[in-house]
Amino acid sequence: ITQGQVTEQYRDIFDPGRELAAIDSALISARTSSGTDRDANDIIRGLTPGDAAVVRSGGEQLAVHRDDDGQLDVVSAVCTHAGGIVLWNDSDSQWACPCHGSKFSADGSVLRGPAEAPLSDKKHVLDE
């Protein structure tokens, strides 16, 4: 493309081995509900160990993951960096924000920024 004329400031951008901040959508596995609590409950009941989904329940977008023991992790699906909606990256078993590349563990802990705060615990939304 540049015929060998890449200036130093663009060398990292054109490096084929660079780590991308955005998430490759081919690696992301996520399901979303139509917006009703009933649909969200159906999706959550259908999660098998290791599965995850983003659902709307109680007026909130939730990131729900069923761990290997069958327990649910329920956190806000809203990224604490800039408000993007996280998606489940099945290959890495973590939540990832497609906006700026923040990554979170299944329980919402920050694995990589730019987000600095964890996804907030929302288990109580499903308990109501």
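Structure: above.
It should be emphasised that the depicted structure is a prediction, and the values quoted were computed from it without experimental measurement. (Residues numbered from 1 in each chain as written. Predicted model: local features only at pLDDT ≥ 70, side-chain atom pairs only at ≥ 80, totals over all residues. Heavy atoms only, no water.)

A few points about the environment of D67
No. 1: Within the secondary structure, D67 is located in the loop between β2 (60-66) and β3 (72-76).
No. 2: Spatially, the C-alpha atoms of D67 and P49 are 5.2 Å apart, while their sequence positions differ by 18 residues.
No. 3: Setting aside chain neighbours within four positions, we find D67 in contact with P49 and G50.
No. 4: A distance of 2.9 Å separates the side chain of D67 from the backbone nitrogen of D69, its partner in a polar contact. (Helix = DSSP H or I, 4+ residues; strand = E, 2+ residues; numbered from the N terminus. Contact = heavy atoms within 4.5 Å. Polar contact = N/O pair within 3.5 Å; in protein donor to acceptor, adjacent residues only side chain to side chain.)

Digging into the nonpolar core
No. 1: With 14 residues, the main nonpolar core has A63, C79, V86, W95, F104 and L119 as its most contacted residues.
No. 2: Counting residues in hydrophobic clusters, the runner-up holds 11 residues, among them I43, A53, L62 and L72. (Core = buried A, V, L, I, M, F, W, Y, C linked by side-chain atoms within 4.5 Å. Buried < 20%, exposed > 50% of the residue type's maximum accessible area, 1.4 Å probe, protein only.)

Remarks on the environment of S120
No. 1: Along the chain, S120 turns up in the loop between β7 (110-112) and α3 (123-127).
No. 2: The spacing of S120 and L62 is 58 residues in sequence and 9.8 Å in space, taken between C-alpha atoms.
No. 3: Here S120 is in contact with V74, V75 and S76, once residues within four sequence places are set aside.

Some remarks on the side chain of H65
No. 1: For H65, the location among the structural elements is in strand β2.
No. 2: The class of H65 is buried, set by a relative accessible area of 9%.
No. 3: The residues touching H65, leaving out its near neighbours within four places in the chain, are G50, D51, A52, Q71, L72, D73, W88, W95 and A106.

Here's the deal with the sheet that holds β2
No. 1: With respect to topology, three strands assemble into an open sheet ordered β1-β2-β3, the strand pairing being antiparallel. Each edge of the open sheet is held by one strand with a lone partner, namely β1 (52-57) and β3. Geometrically, the sheet is characterised by an average inter-axis angle of 30 degrees between neighbouring strands, direction not taken into account.
No. 2: Of the strand pairs in this sheet, β1 and β2 are connected by six bridges, and their pairing is antiparallel. Looking at β2, one finds that A52 is bridged to H65. (Pairing = 2+ DSSP bridges. Axes fitted to C-alpha atoms, helices over the stretch in contact; angles between N-to-C directions.)

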